[in-house]
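Okay, here's what each chain looks like letter by letter:
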Amino acid sequence: MLDFLEELILQAAGAWWMPLAVFLLSLIDGFFPVVPSESVLVALASISDQRPGISLVQLFFAGWFGAFIGDQIAYWLGRTIGVTRFRWMRTRSVVRAIGGVKETLRHSGALVVITARHIPGGRVAVNFIAGATHMKVAKFMILDFISAAIWAAYSLAIGYFTSGWLDNTILQIGLALVFAAILGWIIDRGIKRFMRNRMDKHLDQEADNTETSLDSDS
């Protein structure tokens, strides 16, 4: 049974339609974050040494452009819908979360757009709010084009780094996904801490400027 499953996975991984599937999964994941596009990229790269038909170059471009288009959909959904249309958007917790993302976009928009793609679920929220707050379209597209490329390369690199560690295909994929999850958790914590520190710094500077202006008025 396991041998059959292993062969089935390898056959699917090397199929002609796999890059198209990666493109579609990455696209959907850009605005509906329940599709495991990153996990698929990691898994495919981790068994690339076992299946000659797996092209990392094709997977990279499929993931890159799929993610980019999906992010644009999230941006335009935010630009069209806004952040106050539905009742659940006006609850205290959601308003507080949206306000925090707005502030970080205002102070560090480029950094937030590029790094948010590496935070599970965070990329959709950031891209949606970027659209809702009317970040310039050209600016968002350029930043997201870079961000999606980094994300696709990063996902494939994790899988490729672990490829060949185990002989069994299923265990190899499992190992790569666990490694990716641990590394993703570390990066997620690091990015959130860094952005929090930047936000606190900007708030302190604004407070100092306010006090200075009050002193000058007096």
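Residues numbered from 1 in each chain as written. Predicted model: local features only at pLDDT ≥ 70, side-chain atom pairs only at ≥ 80, totals over all residues. Heavy atoms only, no water.

**Q** I'm lost on the nonpolar core in this one. Help?
**A** Here is a general trend for soluble globular proteins: nonpolar side chains tend to be buried in one another's company. Residues Val22 and Leu59 are the most contacted members of the largest nonpolar core, which totals 22 residues. Within the residue set of this core, elements represented by two or more residues are helix 1 (2–13), helix 2 (18–29), helix 3 (37–46), helix 4 (56–81) and helix 7 (137–162). Considering each element in turn, this core owes the most residues, six residues, to helix 4. In terms of nonpolar packing, the next biggest core, distinct from the first, is built from six residues, Ala130, Met135, Phe140 and Leu143 among them. (Core = buried A, V, L, I, M, F, W, Y, C linked by side-chain atoms within 4.5 Å. Buried < 20%, exposed > 50% of the residue type's maximum accessible area, 1.4 Å probe, protein only. Helix = DSSP H or I, 4+ residues; strand = E, 2+ residues; numbered from the N terminus.)

**Q** Can you walk me through the environment of Ser155 in this structure?
**A** With respect to the element layout, Ser155 can be found in helix 7. With a relative accessible area of 0%, Ser155 lands in the buried category. Along the backbone, Ser155 and Val42 are 113 residues apart, and their C-alpha atoms lie at a distance of 5.4 Å. Setting aside residues up to four positions removed in sequence, Ser155 forms contacts with Glu38, Leu41 and Val42. (Contact = heavy atoms within 4.5 Å.)

**Q** Help me understand helix 6 (residues 122–132), please; the structure alone is not making it clear to me.
**A** Within an α-helix, residues lying three or four positions from one another point in the same direction, as the helix has 3.6 residues per turn. With 10 of 11 residues buried, helix 6 is to be regarded as a mostly interior element. Turning to helix 6, its buried residues are Gly122, Arg123, Val124, Val126, Asn127, Phe128, Ile129, Ala130, Gly131 and Ala132. Looking at the residues trailing helix 6, positive phi occurs at His134, about 60 degrees.

**Q** How should I be thinking about the packing of helix 2 against helix 4 in this particular structure?
**A** A packed helix pair is summarised by two numbers, namely the angle formed by the two axes and the spacing between the axes. With their axes 7 Å apart at the nearest point, helix 2 and helix 4 run at an angle of 25 degrees to one another. Compared by their axis directions, helix 2 and helix 4 come out roughly parallel. The element helix 2 and its partner helix 4 pack so that their crossing is right-handed. Where helix 2 approaches helix 4, its residues Met18, Pro19, Val22, Phe23, Ser26 and Leu27 are matched on the opposing element by Gln58, Leu59, Ala62, Gly63, Phe65, Gly66, Ala67, Ile69, Gly70 and Ile73. Tallied by class, the residues present in the contact of helix 2 with helix 4 amount to 11 nonpolar, five polar and no charged. (Axes fitted to C-alpha atoms, helices over the stretch in contact; angles between N-to-C directions. Parallel < 35°, antiparallel > 145°, perpendicular 65-115°, else oblique. Left-handed = near helix turned anticlockwise from the far one by under 90°. Nonpolar A, V, L, I, M, F, W, Y, C, P; charged D, E, K, R; others polar.)

**Q** Mind showing me how you'd approach the UniProt feature "transmembrane region" (unreviewed entry) in the chain here?
**A** Sequence positions flagged by UniProt for "transmembrane region" (unreviewed entry) are, in local numbering, residues 12–35, 55–77, 142–163 and 169–187. Helix makes up 58% of residues 12–35 and strand 0%. Its end C-alpha atoms lie 18 Å apart. Along residues 169–187 one finds 100% helix and 0% strand; the C-alpha atoms at either end are 27 Å apart. (UniProt positions renumbered as here; feature names shortened; annotations may be inferred.)

**Q** Sorry, what's going on with the side chain of Gln172 here?
**A** Mapped onto the secondary structure, Gln172 falls in helix 8 (residues 169–217). When residues no more than four places from it in sequence are discounted, the contact partners of Gln172 are Ser46, Ile47, Gln50, Thr162, Ser163, Gly164, Trp165 and Leu166.

**Q** Would you mind going over the packing of aromatic side chains with me for this structure?
**A** Under the definition given, this model contains 11 aromatic pairs. Consider the rings of Phe60 and Phe61, whose centres lie 5.2 Å apart with planes at 70 degrees: the pair is edge-to-face. Between Tyr75 and Trp76 the ring centres are 5.5 Å apart and the planes differ by 85 degrees, which places this aromatic pair in the edge-to-face class. Looking at Trp76, the relative accessible area reads 40%, which means it is partly exposed. Feature note: the residues Phe60, Phe61, Trp64, Phe65, Phe68 and Phe145 constitute an aromatic cluster, connected by ring pairs. (Phe/Tyr/Trp six-rings, centres within 6.5 Å; stacked < 30°, edge-to-face > 60°.)

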